[in-house]
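Observations on the model geometry
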Amino acid sequence: MLEPLRQGLPPLDPAAVSNAASCALPPRYEAVREARRFTRRTLDGWEMGDRFDDVCLVVSELVTNALRHALPANAPRLADRNGPVRLHLMRWSERLVCAVRDPSHDSPVARDTDDFSAESGRGLFLVDSFSDSWGWHPMAGTLGGKVVWALFRLQKPAD
């Protein structure tokens, strides 16, 4: 999971990961709520609850995009809980990465829109606005699909 992410991120030492957590999400829209709950529990456990609002918004958008655009139209939406979408949260001392893996090989596309009151089409604009950077990479090996990630810079820990 980490290797494809490292290809486009600023240098991150895999050995320096201080915390990591992931969860499988079912292919139904209720999974966005589950992703928010998982993110809340994880950030609280890492004593990072103060970052929840921005991180949760980005996680919600990434998971929604995966469910809406990355699953085949005929994918059953009531399948088992170990669905094809997976959320990963990884923390280094000065960075937090949220990554969502999905089965699609299609690149995420940010829509050009001037209508900021629209109820859809602004997901990647919000990800770009609330995170420090974001990107995506195809998965290597037998997993297939892609990972869309967002990076948050964290305050340096006090010495």
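The structure reproduced in this document is the subject of the present report. Residue positions are given per chain, counting from 1 as you read along its sequence in written order. Thresholds applied to this predicted model are a pLDDT of at least 70 for local features of residues and 80 or more for the giving and counting of side-chain atom pairs; totals over whole chains, interfaces and linings are not thresholded and use all residues. Just so you know, side-chain values use all the structure's heavy atoms and leave hydrogens and water out.

**Thoughts on the nonpolar core**
Inclusion rule: Nonpolar core, defined: a set of buried Ala, Val, Leu, Ile, Met, Phe, Trp, Tyr and Cys residues in which side-chain atoms within 4.5 Å join the residues together. Burial classes follow relative accessibility: with a 1.4 Å probe on protein chains only, a residue under 20% of its type's maximum area counts as buried, one over 50% as exposed, and anything between as partly exposed. Helix numbers and strand numbers start at the N terminus; a helix is a DSSP run of H or I with at least 4 residues, a strand a run of E with at least 2. Every residue pair with non-hydrogen atoms within 4.5 Å of one another is taken to be in contact.
In terms of nonpolar packing, the biggest core is built from 31 residues, with Leu-25, Val-59, Val-63, Leu-87 and Leu-96 touching the most fellow members. Those elements that provide at least two residues to this core are strand 1 (19-25), helix 2 (31-45), helix 3 (52-70), strand 2 (85-91), strand 3 (95-102), helix 4 (123-130) and strand 5 (146-153). Here the element with the most residues in this core is helix 3; it accounts for nine residues. Those residues in contact with Leu-96, other than ones at most four positions away along the chain, are Leu-43, Trp-46, Met-48, Val-55, Met-90, Arg-91, Ala-150, Leu-151, Phe-152 and Leu-154. Listed in part, the eight residues of the second largest apolar core include Ala-99, Met-139, Val-147 and Trp-149.

**Details of the pairing of strand 5**
As a reminder, the rule being used: Two strands make a pair as long as DSSP finds a minimum of two bridges between them.
With seven of its eight residues buried, strand 5 lies for the most part within the structure. Of the pairings in the sheet, the one linking strand 4 (residues 133-138) to strand 5 comprises six bridges and is antiparallel in character. Residue pairing for strand 5: Trp-134 is matched across the bridge by Ala-150.

**Examining the packing of helix 3 against helix 4**
Test applied: The axes are straight lines fitted to the C-alpha atoms, using for helices just the contacting stretch, and the angles between their N-to-C directions are given from 0 to 180°. Note on angle classes: values under 35 degrees are labelled roughly parallel, values over 145 roughly antiparallel, values of 65 to 115 roughly perpendicular, and the remainder oblique. Two helices crossing with the near one rotated counterclockwise from the far one by less than a right angle form a left-handed crossing, whereas a clockwise rotation gives a right-handed crossing. All amino acids are sorted into three groups, where Ala, Val, Leu, Ile, Met, Phe, Trp, Tyr, Cys and Pro are nonpolar, Asp, Glu, Lys and Arg are charged, and the leftover types, Gly among them, are polar.
For the pair helix 3 and helix 4, the least separation of the axes is 9 Å and the interaxial angle reads 150°. Compared by their axis directions, helix 3 and helix 4 come out roughly antiparallel. Here helix 3 and helix 4 pass one another in a crossing that is left-handed. Contacts between helix 3 and helix 4 involve Asp-54, Leu-57, Val-58, Glu-61, Leu-62 and Asn-65 from the first element and Gly-123, Leu-124, Leu-126, Val-127 and Phe-130 from the second. Its residues placed into classes, the contact of helix 3 with helix 4 shows seven nonpolar, two polar and two charged.

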